[in-house]
Amino acid sequence: MAIPIALTIAGSDSSGGAGIQADLKTFAALGVYGASAITALTAQNTKGVAGIHAVPAEFVTAQIDAVFSDLDVKAVKIGMVAQLATIDAIAASLMRWSPGHVVLDPVLVATSGDRLLATEAVERLRTGLIPRASLITPNLPEAAALLDEPIASDEAAIERQGRRLLTLGCRSVLIKGGHGQGSESIDYLVSGHGTLALPAPRIATQNTHGTGCSLSSAIAAGLAKGEDLESAVRHAKTFISAAIAAADRLGVGHGHGPIHHFHRFY
């Protein structure tokens, strides 16, 4: 039986904790074969981003076409898109290849606070990529930025923002509560079927680098394996919670260290 395949379209993290590297580690940990199309190279570590080198949009297209023309891709995860031309290239590729599942993590700012998407490209993200997504996975600040609203501070406001994001054309929204307060981190899955609150214990650690990238790729992995959306999200959250809980075992870097993708193995 052929292994399920997922494609990540994202930026490279030279320190290995987020982006393409985190996505491929997540796919591997969850039994999915990972392919990649790199949108940007970043010079970064656990303390911050020192530089970003965008890959030309036409070469992003070439990478995507090379993968789809040969591999049976079951799901796509999109992360850092870097620039406006790249958004257009990815949107055109999705139209051309029509993958069954697209999980879009609207990466605007890194864990360190460094901005990863030019301000002028945010509107194109709204109109060019979000309508092609099966699921988008913004955190609280990203959801607010996409809607030009203040950060939601209670469940009613989060659900309202989720409903507004649905009007941009995506089929479902997972608003992540990791930036919230309290003993629980609650994510909200909003779709045409209603809103589902998904709580998890908030884990006290500074080593959360790559959490958002890894959650969206874990969801894509579940979808690639044939899981329905709710099951894929629940299983992804379980995986990420365990990876965060084990993060301090790694001892990588001097800033926000990475989560432990392979916590099941060592």
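Because the structure is a prediction, the values reported are computed rather than measured. (Residues numbered from 1 in each chain as written. Predicted model: local features only at pLDDT ≥ 70, side-chain atom pairs only at ≥ 80, totals over all residues. Heavy atoms only, no water.)

### Some words on the packing of helix 2 (residues 57-68) against helix 3 (residues 84-97)
Running from N to C, helix 2 and helix 3 cross one another at 25°; their axes reach a closest spacing of 8 Å. With respect to helix 3, the element helix 2 is oriented roughly parallel. Judged by the sense of rotation from one axis to the other, the crossing of helix 2 with helix 3 is right-handed. In this structure, helix 2 uses Ala57, Val60, Thr61, Ile64, Asp65 and Phe68 to contact helix 3, whose residues at the interface are Ala85, Thr86, Ala89, Ile90, Ser93, Arg96 and Trp97. Residue composition of the contact of helix 2 with helix 3, by class: eight nonpolar, three polar and two charged. (Axes fitted to C-alpha atoms, helices over the stretch in contact; angles between N-to-C directions. Helix = DSSP H or I, 4+ residues; strand = E, 2+ residues; numbered from the N terminus. Parallel < 35°, antiparallel > 145°, perpendicular 65-115°, else oblique. Left-handed = near helix turned anticlockwise from the far one by under 90°. Contact = heavy atoms within 4.5 Å. Nonpolar A, V, L, I, M, F, W, Y, C, P; charged D, E, K, R; others polar.)

### Quick look at the pairing of strand 4 (residues 73-78)
Counted residue by residue, strand 4 has five buried out of six residues, so it is predominantly covered. Where strand 1 (residues 5-13) lies against strand 4, five bridges are found, and the strand directions are parallel. Of the residues in strand 4, the one forming a bridge with Thr8 is Lys77. As judged from the three bridges shared by strand 4 and strand 5 (residues 102-104), these two strands associate in the parallel manner. Looking at the pairing, Ile78 lines up with Leu104 of strand 5. Each parallel crossover has a hand, and the one from strand 4 via helix 3 to strand 5 is right-handed. (Buried < 20%, exposed > 50% of the residue type's maximum accessible area, 1.4 Å probe, protein only. Pairing = 2+ DSSP bridges. Right-handed = clockwise from strand over helix to strand, strands pointing away.)

### Some remarks on the pattern of salt bridges
Proximity of charged atoms lets side chains of opposite charge pair with each other. Counting across every chain of the model gives 10 salt bridges. A salt bridge links Lys74 to Asp72; its shortest N-O distance comes to 3.2 Å. For Lys74, a relative accessible area of 38% puts it in the partly exposed group. In this structure, Arg126 engages Glu123 in a salt bridge whose closest nitrogen and oxygen atoms are separated by 2.5 Å. Placement of both Arg126 and Glu123 in helix 4 (residues 122-129) is noted, with a separation of three residues, approximately one turn of the helix. In this structure Arg126 comes out as buried when scored by relative accessible area, which is 12%. On the basis of relative accessibility, which here comes to 41%, the residue Glu123 falls in the partly exposed class. Each of Glu123, Arg126 and Asp148 takes part in salt bridges that share partners, so that together they form one network. (Salt bridge = Lys/Arg side-chain N within 4 Å of Asp/Glu carboxyl O.)

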